[in-house]
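Spelled out from the first residue to the last, the chains are:
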Amino acid sequence: VLITGGTGHLGSLLAHWLADRGATPLLLISRQGLAARGAQELCDALKAKGCQATITGCDLTDPEQLDSLLAENPNLKHVFHLAGTAGMAPLRELT
């Protein structure tokens, strides 16, 4: 299972939810990988639940990085795309 934005709030919630239900292995990606705030703690918590979890850095906007990640993980069957940034703006200004 691949989770983009895996070290963000939604990604970590989903990772815990999946781990609680026995999903393994989990591959969580973010631009910063293990350097992201709280990433090592997240990985440790998932492993404590018996989940094989890996956190790695990958910029999804870079086709070469994404191709490399997919080539290194040919058995991926599920992808949850939670990567993104949120900004505050009035609804009428969002497109």
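Preceding this paragraph is the structure being described.
Participant: So, the overall build of the protein chain: which residues are in play, and what are the values?
Facilitator: Along the protein chain, the regular secondary structure elements total 3 helices and 4 strands. For the protein chain, the N- to C-terminal ordering of α and β elements is β-α-β-α-β-α-β. Once the C-alpha set of the protein chain is aligned to its principal axes, its extents read approximately 45 × 30 × 25 Å. For the protein chain, with 95 residues in total, the buried portion stands at 32%. Pairs at least 24 residues apart make up 67% of the contacts formed inside the protein chain by residues separated by at least 6 positions. Split by element, the accessible area of the protein chain, about 6,500 Å² in all, is 55% carbon and sulfur.

Participant: Describe the environment of Leu 13, with residues and values.
Facilitator: Here Leu 13 lies in helix α1 (residues 9-20). When the C-alpha atoms of Leu 13 and Leu 42 are compared, they prove to be 9.9 Å apart, with 29 residues separating the residues in sequence.

Participant: Before we move on, can you summarise helix α2 (residues 39-48) with the specific residues and values?
Facilitator: Residues spaced three or four apart along an α-helix face the same direction, because each turn holds 3.6 residues. Taken residue by residue, α2 has Ala 39, Leu 42, Cys 43 and Leu 46 as its buried positions. Looking down the long axis of α2, one finds its buried residues gathered within 100° of arc, a one-sided arrangement. Residues of α2 that are exposed and angled more than 90 degrees away from the buried face: Glu 41 and Ala 48. Count one or two residues on from α2 and you reach Gly 50, which has phi positive near 90°.

Conventions we followed
- Residues numbered from 1 in each chain as written.
- Predicted model: local features only at pLDDT ≥ 70, side-chain atom pairs only at ≥ 80, totals over all residues.
- Heavy atoms only, no water.
- Helix = DSSP H or I, 4+ residues; strand = E, 2+ residues; numbered from the N terminus.
- Buried < 20%, exposed > 50% of the residue type's maximum accessible area, 1.4 Å probe, protein only.
- Contact = heavy atoms within 4.5 Å.
- Areas by Shrake-Rupley, 256 points an atom, 1.4 Å probe, with all protein chains shown as cover.
- Arc of directions from axis to C-beta.

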